[in-house]
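Notes for the structure review
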Amino acid sequence: MKTPQKSTTSLTENQPETQTENQSETQSEIQLKNQPPALPLISIIIPIYNAAKFLDQTIASCLKQDYPNLEIILINDGSTDDSKTICEKYLKASTSVLFFDRPHQGVSATRNFGLDHFSGEYFSFLDADDLLAENFISTLYTLAKENNLDYITSGYQRFVGNFPKAEPRKPECAKSIGEEPQKQKSTKSIRETLRIYDKSSFYKQLLDLNSGYNFCHMKIMSKSLRHIRFDESLSVAEDALYNFKILNELNSFGATPAPLYLYRVHQNSTVRTFSEDYIEKYRIALQKIGNYLQENQGDLYQKYQNYFYAFVATHLFFILANFCCHKDNKNQLKSIKSLYKIPLFSRAIYLAPFRLFPPQKAFVLLCFKFKLILFLRLIGRLRAKQNSK
């Protein structure tokens, strides 16, 4: 826009031009005021390690988001497959993509690196083998903005292997907030599913693995939380500890069960990769979480101690299928029996109440409580077979 200059000639001679310029300036100011405010930049942080098989689909689900102002941060954690090549392809193809190539340091260190390098007003984590519904960011951002939330999480849809459709669709109950009028009913329904928890209530939710809220993905968070870090000594349950650290920072937490995050189950994921120290990794992580809760949230820990034991017992179900009854484990019965020798696991088995579990998991807990080792092996094998499909 032309800026009016101070005139040295008569006022009469320049009056018409001045009026025109002032009118033009006023119209421009009105147009500027009527423009909707710019949407803030939101960063998606993706740690990547040997994820070439699924990575194209994962990145594509970010690029297809209906939220227009995204920063997609790809961090290659020393992959030995074609992950780096795939990242470089998207770096060239899209200005919203940033790429960092680093030596292998583990998922916690890689996420912490992402926390140091994102630029958005909000950030989100996405695992390199999972997918986002196309309205994941737009829906959570709008709900966060409307309710003044620094932390909001969605629910998730679990699928095994390849996603059954070529592209992840929006859940019917989770359409974008800015849809056309005929789709506002779906928008209304997702708003109605939103729950805002206080610290005590969300503490219980984080201890319930059925909700999935204790994952670090499935959510967007304010950049004011970027100083919260992952424990780099942990490779399992590190995101649960991360969420409990965030619990110390906030007083309100938003959650909708709408399945906007698509969680892939496959044999090469971290929690399903067989290793001789699998049980020890979980023992260390769960003990560290228990110690943190007692030291930093002691009142809540005492109030909901049974929920913590249920949290530990639920992890034993994972250990049963992914280690004790893994096809590469040649001592399955011995591995199951060894769980009882670990004090934390033994307390969880005997003190976790049945009422905190859905019927199928309550039956597994019953088998643990009564040391029905052969039944546990059968259950573990069936579950391992389901996960390998």
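Residues numbered from 1 in each chain as written. Predicted model: local features only at pLDDT ≥ 70, side-chain atom pairs only at ≥ 80, totals over all residues. Heavy atoms only, no water.

Some details on the overall build of the protein
A count of helical and extended segments in the protein gives 15 helices and 11 strands. The long-range share in the protein, meaning contacts at least 24 apart out of those at least 6 apart in sequence, stands at 80%. For the protein, the accessible surface area stands at approximately 19300 Å², while carbon and sulfur atoms represent 51% of it. (Helix = DSSP H or I, 4+ residues; strand = E, 2+ residues; numbered from the N terminus. Contact = heavy atoms within 4.5 Å. Areas by Shrake-Rupley, 256 points an atom, 1.4 Å probe, with all protein chains shown as cover.)

Some details on helix H8 (residues 238-247)
Three- or four-residue spacings in an α-helix give side chains the same orientation, since the helix completes a turn every 3.6 residues. Most of H8 is tucked away: 9 of the 10 residues are buried. Of the residues making up H8, those classed as buried are Glu 238, Asp 239, Ala 240, Leu 241, Tyr 242, Asn 243, Phe 244, Ile 246 and Leu 247. (Buried < 20%, exposed > 50% of the residue type's maximum accessible area, 1.4 Å probe, protein only.)

Let's talk about the packing of H8 against helix H9 (residues 278-296)
Where H8 meets H9, the axes come as close as 10 Å, and the angle between the chain directions of the two elements is 10 degrees. Taken together, the axis directions place H8 and H9 in an arrangement best described as roughly parallel. Along its contact with H8, which presents Ala 240, Leu 241, Phe 244 and Lys 245, the element H9 presents Lys 288, Ile 289, Tyr 292 and Leu 293. (Axes fitted to C-alpha atoms, helices over the stretch in contact; angles between N-to-C directions. Parallel < 35°, antiparallel > 145°, perpendicular 65-115°, else oblique.)

Looking at a nonpolar patch on the surface
Together, Phe 363, Phe 370, Leu 372, Phe 375, Leu 378 and Leu 382 line one region of the surface with nonpolar side chains, adding up to about 610 Å² of accessible area. In terms of residue count, helix H15 (residues 373-387) provides more of the nonpolar patch than any other element does, 3 residues in total. As for its position among the elements, Phe 370 is in the loop between helix H14 (359-369) and H15. (Patch = residues over 30% accessible without salt bridge, like charges linked within 9 Å, V, L, I, M, F, W, Y side chains within 5 Å. Salt bridge = Lys/Arg side-chain N within 4 Å of Asp/Glu carboxyl O.)

Points about the pairing of strand E3 (residues 97-102)
The pairing of strand E2 (residues 70-77) with E3 spans 6 bridges and is classified as parallel. Counted as the bridge partner of Ile 73 is Leu 98 from E3. Regarding the hand of the β-α-β motif, the stretch spanning E2, helix H3 (residues 83-93) and E3 is right-handed. (Pairing = 2+ DSSP bridges. Right-handed = clockwise from strand over helix to strand, strands pointing away.)

Description of the packing of helix H2 (residues 52-63) against H3
Contact geometry of H2 with H3 gives a least axis separation of 9 Å together with a crossing angle of 25 degrees. For the element pair H2 / H3, the angle class is roughly parallel. Here H2 and H3 pass one another in a crossing that is right-handed. Of the residues in H3, those touching H2 at Ala 52, Leu 55, Asp 56, Ile 59 and Leu 63 are Ser 83, Ile 86, Cys 87, Lys 89 and Tyr 90. Looking at the contact of H2 with H3, its residues break down into 7 nonpolar, 1 polar and 2 charged. (Left-handed = near helix turned anticlockwise from the far one by under 90°. Nonpolar A, V, L, I, M, F, W, Y, C, P; charged D, E, K, R; others polar.)

A short note on the packing of aromatic side chains
Taken as a whole and assessed by the stated rule, the structure comprises 30 aromatic pairs. For the ring pair Phe 202 and Phe 253, a centre distance of 4.8 Å and an interplane angle of 5 degrees mean the geometry is stacked. One end of the pair, Phe 202, is in helix H7 (residues 199-206); the other, Phe 253, is in strand E10 (residues 252-255), and 51 residues separate them in sequence. The exposure class of Phe 202 is buried, given its relative accessible area of 0%. Taking the centre distance of 5.9 Å and the plane angle of 55 degrees together, the rings of Phe 317 and Phe 357 count as tilted. Here Phe 317 is found in helix H11 (residues 305-324), whereas its partner Phe 357 is found in the loop between helix H13 (343-351) and H14, with 40 residues between them in sequence. Each member of the pair, Phe 317 as well as Phe 357, carries the same accessibility label: buried. Here the aromatic cluster, defined as three or more aromatic residues joined through ring pairs, consists of Tyr 203, Phe 244, Tyr 301, Tyr 304, Tyr 307, Phe 308, Tyr 309 and Phe 311. Positioned above the aromatic ring of Phe 354, the side-chain terminus of Lys 369 is 5.4 Å from the ring centre. The side chain of Lys 371 reaches across the aromatic face of Tyr 340, ending 5.1 Å from its centre. (Phe/Tyr/Trp six-rings, centres within 6.5 Å; stacked < 30°, edge-to-face > 60°. Lys NZ or Arg CZ within 6 Å of the ring centre and 35° of its normal.)

Worth remembering: the numbers are spatial, not functional.
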